Amino acid sequence: MSSRASAWAGALEMTAAGARWRGGVGDNGVHRHLAAQAVFAEAPVTVRDGAGRAWTGRCLLIDPLEPHALEAEGDVDLVFLEPTRGSTFLETALAELRPRLTDPTVIEARASALRFWTPVLMGSTRPRRPVPPALSASLAAIEAALADGPVRLADAAAAAGLSPDRYRHAFVEAFGIPFRRHLLWRRMARALARVAGGQDITGAAHACGFADSAHLARTMRACFGISAGRLAATRAR
């Protein structure tokens, strides 16, 4: 990536279906995140996958948990969709995005359970089969519990009316990702929203269940390739 693209400059917005970044893309290392990502740009941009292969286009679609790094000159529109968000949120977001999915390049997940974009491009109104109501109920219970502190597997399973072992398996079957990874993502997303809204990094870390600001910084870099400090500096501009 060129040196003049070292700084991030733009605005982060948390949405019902995930998040959105609009502006310039700065330095970011290879990272992966639970969210499916759409990259839109006026001029072609490049994504390098975990093997170092380059994918270039004006519409790049990245499946969940696929390692990648983004190289771009100029402004971009990054849309993040969380596969574990409610189907209503996802379907609304996809309806808005669909007209923009022209000549797309897909960086596809190796695991079929994680493939988000291919069903969408084939005309599906949702990225995967409907989530069982019991699991939807447990997601709502998890969101409510996250506001108060740690979330136990047993409590999430009870909200779904399942044993902890069966719940673990059902969660992976429905979403393609482990329960613990979902929890980590939701805690990180909550902290991200707090930092973007003006809270200091240490306060956001403690409020969202991280041991300290360093723990949050490591998680954010692994998920987005950008440090919490750099996000805070971007927001302060």
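Reference entry: report on the structure contained in this document. The shown structure was predicted, so the numbers you read here are calculated from the model rather than taken from an experiment.

Two elements in contact, helix H4 (residues 153-160) and helix H5 (residues 164-175), have axes separated by 9 Å at closest approach and are oriented at 80°. The orientation of H4 with respect to H5, classified from their angle, is roughly perpendicular. Residues Leu153, Ala154, Ala156, Ala157 and Ala160 of H4 touch H5, and the partners they reach there are Pro164, Tyr167 and Arg168. When grouped by side-chain class, the residues that make up the contact of H4 with H5 number seven nonpolar, no polar and one charged.

Attention shifts here to the pattern of salt bridges. Applying the stated criterion across every chain, the model contains 13 salt bridges. Among the salt bridges present, the one from glutamate 13 reaches arginine 22, with a minimum N-O distance of 3.2 Å. Given a relative accessible area of 43%, arginine 22 falls into the partly exposed group. The partner of arginine 48 in a salt bridge is glutamate 71, with the nearest N and O atoms 2.9 Å apart. One end of the pair, arginine 48, is in strand E3 (residues 36-49); the other, glutamate 71, is in strand E5 (residues 68-71), with 23 residues separating them in the sequence. For glutamate 71, a relative accessible area of 24% translates into the label partly exposed. Residues participating in the shared-partner salt-bridge network are Glu82, Glu143, Arg186 and Arg190.

In terms of backbone geometry, most residues other than glycine have negative phi values and most peptide bonds are trans. For leucine 65, which is not glycine, the phi dihedral falls at a positive 65°. Tracing the chain through its elements places leucine 65 in the loop between strand E4 (54-62) and E5. Classification of leucine 65 as buried rests on a relative accessible area of 9%. Backbone geometry places aspartate 103, a non-glycine residue, at a positive phi of 50°. Structurally, the position occupied by aspartate 103 is in the loop between helix H1 (87-97) and strand E7 (105-107).

This paragraph deals with the pairing of E4. Sheet analysis places E3 next to E4, joined by eight bridges and oriented antiparallel. By the bridge assignment for E4, threonine 46 is matched with threonine 56. Once E3 ends, the chain turns through four residues before running back antiparallel as E4, passing glycine 52 with a positive phi of about 85°. Pairing geometry for E4 and E7, over three bridges, is parallel. Counterpart to leucine 61 in the pairing with E7 is valine 106.

About the criteria used
Residues numbered from 1 in each chain as written. Predicted model: local features only at pLDDT ≥ 70, side-chain atom pairs only at ≥ 80, totals over all residues. Heavy atoms only, no water. Axes fitted to C-alpha atoms, helices over the stretch in contact; angles between N-to-C directions. Helix = DSSP H or I, 4+ residues; strand = E, 2+ residues; numbered from the N terminus. Parallel < 35°, antiparallel > 145°, perpendicular 65-115°, else oblique. Contact = heavy atoms within 4.5 Å. Nonpolar A, V, L, I, M, F, W, Y, C, P; charged D, E, K, R; others polar. Salt bridge = Lys/Arg side-chain N within 4 Å of Asp/Glu carboxyl O. Buried < 20%, exposed > 50% of the residue type's maximum accessible area, 1.4 Å probe, protein only. Pairing = 2+ DSSP bridges.

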